[in-house]
Amino acid sequence: MTGGGRAFVTGISGQDGRYLAERLLGEGVEVHALAHDLEPLPDLPGVELHRGDLTAVEEVRALLVDLAPDEVYNLAALSSVARSWEEPDLTARVNGLAAAGLLESALQVQDKLGRPVRFVQASSAEIFGQPDRSPQDESTPVRPVNPYGAAKAYAHLMVDVYRRRDLHAVSAILYNHESPHRPPEFVTRKITSTVAAIAHGRAETLALGNLEARRDWGWAPDYVDAMVRAVRADVPRDYVVATGVSRSVRDFVAAAFARAGISDWQPLVSVDPEFVRPADPTELVGDASRARTLLGWSPTVGFDELVGRMVDADLARD
Ligand code: GDP
């Protein structure tokens, strides 16, 4: 769907929503997006914003029928694992039930119009929980260990249910993906913003949780690119989207301080039990072979470059 067509995007004010909107608008796609009443409207010229709550399934369905989009991107989510422990029921409604409602709406639009509606669900590596194999791929058992992962797992399974009903639905199992637009409740941005503050003399220490946790961190615009490729592929399938390389929180901290020109960083970092999670996947690393082979996708930004871009952006902000 290039040079025309209409897309409907949820989660427009998040990191990925912004990159996706820029990408689609650049292709000449008409972009409609749902923005929650409580959130400030994102500054995205060219995007048609519709106020609404994704958990109000019937209202969103009426909107979708009215808009009749060609592609639906479900990016909306309570996106923090940490917050999902504080609000497990809201997490279930937004990350799980609302996705199911949107899939049903897409199918109804498809049936009504008599032409395909394509759907992509932004799923998450957290659906695998504490996997016994590494790296994970599309055949890894879904066994989440936190409320965020469990709600995302339900949405992920529902994509397959609707695919069996002939909806062109795909689930992109996204590993952690970062950028200067990542909010600071995520460890990467927390690290880069605090390192920048320390470099500018505005903070003294960086307090973190588990420094040994390992993640497969990629560049957010690459993950948006993978979602677009996945939803437009001829055959709808699920795809792991990952770099295949895992690094520890400690590695991220070291790279961030190095970028800011601070070599003796150990005394500046402390471990605070407040930030240690009750159940935390200690290693998540994805095998994106299917996306590489079938979609021609590959990550364009490596770990050091990713950390560098985030630190530079935070240094320039301060
Ligand atoms: P997540 O993988 O979606 O939960 O992304 P986060 O960026 O929130 O967390 C990534 C990893 O960093 C997890 O294993 C956390 O336990 C670990 N971590 C260590 N210290 C912190 C911290 O201070 N804040 C956050 N958010 N995560 C931390």
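See the structure shown above.
What counts, and at which threshold
Residues numbered from 1 in each chain as written. Predicted model: local features only at pLDDT ≥ 70, side-chain atom pairs only at ≥ 80, totals over all residues. Heavy atoms only, no water. Helix = DSSP H or I, 4+ residues; strand = E, 2+ residues; numbered from the N terminus. Rg over C-alpha atoms; globule rule 2.2 N^0.38 Å. Buried < 20%, exposed > 50% of the residue type's maximum accessible area, 1.4 Å probe, protein only. Contact = heavy atoms within 4.5 Å. Areas by Shrake-Rupley, 256 points an atom, 1.4 Å probe, with all protein chains shown as cover. Lys, Arg positive; Asp, Glu negative; His and termini not counted. Charge placed at Lys NZ, Arg CZ, Asp CG, Glu CD. Core = buried A, V, L, I, M, F, W, Y, C linked by side-chain atoms within 4.5 Å. Salt bridge = Lys/Arg side-chain N within 4 Å of Asp/Glu carboxyl O. Expected span 1.5 Å × (residues − 1). Phe/Tyr/Trp six-rings, centres within 6.5 Å; stacked < 30°, edge-to-face > 60°.

A. Expanded view of the overall build of the protein chain. Scanning the protein chain for helices and strands turns up ten helices and 13 strands. At 19 Å, the protein chain has a C-alpha radius of gyration in line with the 20 Å of a compact globule built from 318 residues. For the protein chain, the C-alpha atoms occupy an extent of roughly 65 × 45 × 40 Å along the three principal directions. The buried share of the protein chain, taken over its 318 residues, is 53%. Put simply, of all contacts in the protein chain between residues at least 6 apart along the chain, 76% involve residues at least 24 apart. Carbon and sulfur atoms provide 49% of the accessible area of the protein chain, an area that totals close to 13,400 Å². One way to put it: in the protein chain the 33 positive side-chain charges average out to a point 3 Å from where the 46 negative ones average out.

B. Inspection of the nonpolar core at higher detail. Membership of the largest hydrophobic core comes to 59 residues, with the highest contact counts inside it found for Val 9, Tyr 73, Ile 191, Leu 206, Val 253 and Phe 257. By residue number, the principal contributor to this core is helix α7 (residues 220–232), which donates eight residues. The contact partners of Val 9, leaving out residues within four places of it in the chain, are Leu 20, Leu 24, Val 31, His 32, Ala 33, Leu 34, Tyr 73 and Leu 75. Counting 23 residues, the second largest nonpolar core, distinct from the first, contains Ala 98, Leu 103, Val 109 and Val 159.

C. Local environment of the pattern of salt bridges. The final tally for this structure, using the stated rule, is 20 salt bridges. Its salt-bridge partner being Arg 250, residue Glu 212 comes within 2.6 Å of it at the nearest N-O pair. Placement of Glu 212 in the loop between β8 (206–208) and β9 (214–215) and of Arg 250 in helix α8 (residues 249–259) is noted, with a sequence separation of 38 residues between them.

D. Highlighting the environment of Ala 98. Looking at the element boundaries, Ala 98 is found in helix α4 (residues 88–113). For Ala 98, a relative accessible area of 2% gives the class buried. Residues Ala 98 and Val 60, 38 residues apart in the sequence, show an inter-C-alpha distance of 9.6 Å.

E. Quick look at helix α6 (residues 187–199). The end-to-end C-alpha distance of α6 is 18 Å, a good match for the 18 Å that 13 residues give at a rise of 1.5 Å each. Burial analysis of α6 places ten of its 13 residues in the buried class, the great majority of the element. Of all the residues in α6, the buried ones are Thr 188, Arg 189, Lys 190, Ile 191, Thr 192, Thr 194, Val 195, Ala 196, Ala 197 and Ile 198. Gly 201 occupies a position one or two residues after α6 and carries a positive phi of about 75°.

F. Summary view of the packing of aromatic side chains. Tallying each qualifying case throughout the model produces six aromatic pairs. Their ring planes at 65° and their centres at 5.3 Å tell us that Trp 217 and Phe 252 sit as a pair that is edge-to-face. Note that Trp 217 is positioned in the loop between β9 and β10 (218–219) and Phe 252 in helix α8, a separation of 35 residues in sequence. The exposure classification of Trp 217 matches that of Phe 252, with both residues buried. Look at Phe 257 and Trp 265: their rings are 6.1 Å apart centre to centre, the planes differ by 5°, and that puts the pair in the stacked class. Classification of Trp 265 as buried rests on a relative accessible area of 10%. Here the aromatic cluster, defined as three or more aromatic residues joined through ring pairs, consists of Trp 217, Phe 252 and Phe 303.

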